[in-house]
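Here is what each chain is made of, one letter per residue.
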Amino acid sequence: MWDYTDKVKEHFLHPKHTGVIERPDLDATVGNITCGDALRLMVKLDEAGRIADAKFQTFGCASAIASSDALIELIRGKTLEEAEGLTNDDIAQYLGGLPEAKMHCSVMGTEALQKAIAQYRHQPFELEDEGTVVCRCFGVTDKLIEKVVRDHNLHTVEQVTHFTKAGGGCQGCHPDIEAIIEKVHGPRAEHVAKARQRRAPMTNLERMTRIQQIIEHEIRPMLQQDGGDIELIDIDGKRVQVALRGHCAWCRVRDFTLKGSIENRLREVVDPQIVVEDVGGRLPEGAP
Amino acid sequence: MRETTAVDNPIYLDNNATTAVAPEVREAMLPFLGRLYGNPSSIHTFGGQVKAHVDEARQQVADLLGCHPTEVIFTSCGTESDNTAIMSALDCCPERHHVITTRVEHPAVKNLCQMLAQGGRGRPLYRVTEIPVDAAGLLDVPAFEDALDDATAVVSVMWANNETGVLFPVEAVGARCRERGILFHTDAVQAVGKVPTNVSELPIDMLSLSGHKIHAPKGVGALYVRRGTRFSPYIIGGHQEGNRRGGTESVPLAVALGKAAELAKQNLKKQTTQVAALRDRIERGLLENAPDARVNGCRDQRLPNTTNVSFEYVEGEAILLMLDQHGICASSGSACTTGSLEPSHVLRAMGVPFTAAHGSIRLSLSVYNTRQEIDKVLEVLPPIIRRLREISPFGHDKEPAKSKA
């Protein structure tokens, strides 16, 4: 059971602001049903440009519903200029705190607000429109990740996941998230480096043996079952050159096999920086 | 909505997570927490008298499994049994480096196999094949047969799935393993006590069970190892359990497991009559009273006590917390409840759409549930779903009465 405050429970069980506003001035949805949470925010402005009424519809867990309700409590009566300064910490604080793993619920609240305001002003919504998607599982852009890393002084991928969900799915984007963290905090923030040191570095020989073992005992039999084959051509540091043979050589999911299956597996077991290249059909330079 | 939580006297529909300790079981173990504290391995009469009770408990477990008592090893939990079985098989076949399991195993098997696939604990790298399941959660038997090869050391396939209750064809799987001389282990933690598990009639080499799923306390399990099966102990120590598990037996817990096994055997018939009827009642009621609901998993080949229902457009954790307000205990395969961000690996392996997986709840019954309890849930749950759908931005276009802007 999550450790929710009484305030979270109260706003989850008895939200005051759920519903639909007919012809709202602002109306934006963030998240989607596949990701597991979504928030639609509707706002009606009065003549003075203040938020006269606001309602939400939320699909999600208790903290997502409570965060949505808290968002509206916090923005009612404000002008858009006043409201747009709201941070997700304001929402979390209003609720007496959220479990760290649920911080993304409060981020969703501010995201919806910012998106609604941007659309109202016919401006691009920077966090969605201008960034590139880093986490494909949850559709999170580099802009949003960079923002939370900066705003909340985050140093690990796990923290980023708590705040944005990014990296919580297939984990394929973990190196990209680490790159963003390094971009913000400078290369190899101290404890990130420490975290890496815990894993004893592999010698070149160990790395090569391991790559050979995995390709021979694991990947080859898998491909052979489907009428394909793979040949290990060369290993140059973390670059692994292979040749796909048989069915694999002309298979239409060849790239997926290469990157999705082989590279991911080697990154998982050997080194996250492994790059697999298909040199099938031609030999590496300098070969006889 | 009633606001008081009934923490002390809940409607408990989470019996695949754990069960209440049966009063008879508690009674049976009490003397061993008091005056009968001797060590069953001692020579003196004071200790020796305790051994008779451990032996009796072993016989009771053997009776439930339909095996010989020497084939039963007491362990600390289902996870220890699973780990012991798989590691023993690998130690006994050091030249083989292939493990076959399924995509929907409990973490006790799944994470162990992943550790093996990554060459953990200084072991050689193992190739692990996870057999898929179909949309109904049934095992892809042809895929299993294809996966068997000369390098396969052990096959570990669960008997019944903890989330959906779907049963796997352990007899057919075991038969293919036996033909090829491959060790077969089944995690039967959910199956034991709910469906007949007569191992002597089945081609099963090793079977894991857990005490707290059958109304014994937490902290005790057992591993069945067929006579003549190569075996290597996991916990190294004294000569207890026929040199197969070191460590002084937890006498109170072994006695408790024995008593629980005896009760489970007596209650086996009730599972297919009383428990199944209540499960069917709640399932039918939910499908009738909540639109856009579906049952996850094959309804014909399933444990009698389990139902896994998905409600579209709502999220499982929210359902559970609202049920909790009414003192109703259930669980969910939704992302928010698992602590990860993705729905349960079982529902994903079945290809349940994420939209439905997020709104899944599991209700698992026991012989102690009553019809009044079930009717109470049927009274409370459909309004909860309606309420959460009102809050949700999705699914309104299906109800023209409540048009969305």
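Just above, that's the structure.
In this text, all values refer to a predicted model and were calculated from it rather than measured experimentally.

Calculation criteria
Numbers given for residues are sequential positions, taken from 1 along each chain in its written order. Lettering of chains starts at A and numbering of ligands starts at 1, both following the order in which they are written. Confidence filtering applies because this is a predicted model: local features only for residues at pLDDT of at least 70, side-chain atom pairs given and counted only at 80 or more, and all residues used for totals across whole chains, interfaces and linings. Only when DSSP finds a minimum of two bridges between them are two strands counted as paired. The helix count covers DSSP runs of H or I at least four residues long, the strand count covers runs of E at least two residues long, and both are numbered beginning at the N terminus. Here, axes are lines fitted to C-alpha atoms. For helices the fit covers the stretch in contact, and angles between N-to-C directions go from 0 to 180 degrees. We call two residues in contact whenever the C-beta atoms placed from their backbones are within 7 Å. Field definition: a residue is buried when 20 or more other C-beta atoms are found within 10 Å of its C-beta, exposed when 12 or fewer are, and partly exposed for counts in between, with C-beta atoms placed from the backbone.

Enquirer: I'd like a description of the sheet that holds strand E5 (residues 152-156) of chain B, backed by residues and values.
Expert: The strands making up a sheet are joined through hydrogen bonds of the backbone, oriented either antiparallel or parallel. Residues and elements named next belong to chain B. Taking strand neighbours across the sheet as the criterion, the seven strands line up as E2-E8-E7-E6-E5-E3-E4 in an open arrangement whose pairing is mixed. Bordering the open sheet on either side are strand E2 (72-75) and strand E4 (127-131), each of which pairs with just one other strand. Adjacent strand axes in the sheet meet at a mean angle of 20° when their direction is disregarded. Where strand E3 (residues 98-102) meets E5, three bridges bridge the pair, whose relative direction is parallel. Residue pairing in the sheet places Ile100 in a bridge with Val155 of E5. Contacts from helix H6 (residues 170-180) reach E5 and strand E6 (183-187) within the one sheet, and its direction differs from that of E6 by about 160°.

Enquirer: Quick rundown of the sheet that holds strand E3 (residues 51-59) of chain A? Include the residues and the values.
Expert: Residue and element names in this part refer to chain A. Spatially, E1-E2-E3 is the arrangement adopted by the three strands of the open sheet, whose pairing is antiparallel. Single-partner strands in this sheet number two, and they are strand E1 (26-32) and E3. Neighbour to neighbour, the strand axes of the sheet diverge by 10° on average, direction disregarded. Looking at chain direction, E1 and strand E2 (residues 37-45) are connected through seven bridges and run antiparallel. When the bridges of E2 are listed, Asn32 appears paired with Asp37. The sheet strands contacting helix H5 (residues 103-120) are E1 and E2, and the helix crosses E1 at an angle near 135°.

Enquirer: Give me the pairing of E2 of chain A: which residues, what numbers.
Expert: All names here are of chain A. The element E2 is extensively covered by neighbouring structure, given that seven of its nine residues are classed as buried. Here E1 folds back onto E2 in antiparallel fashion, the turn holding four residues, of which Gly36 has a positive phi close to 100°. As paired elements, E2 and E3 share eight bridges and run antiparallel to each other. Looking at E3, one finds that Arg40 is bridged to Gln57. Connecting E2 to the next strand, E3, in antiparallel fashion are five residues, including Gly49 with a positive phi near 85°.

Enquirer: Please set out the pairing of strand E7 (residues 239-246) of chain A residue by residue, giving values where relevant.
Expert: A regular strand places its side chains so that they alternate between the two faces of the sheet. Residues and elements named next belong to chain A. Sheet topology note: the strand E6 (residues 228-236)/E7 ladder contains eight bridges and is antiparallel. Across the sheet, Glu231 pairs through a bridge with Ala243, a residue of E7. As consecutive antiparallel partners, E6 and E7 are separated by two residues, and within that stretch Gly237 has a phi angle of approximately 60°, a positive value. Across four bridges, the pairing between E7 and strand E8 (residues 275-278) is parallel. Its bridge partner being in E8, Val240 is matched across the sheet by Val276.

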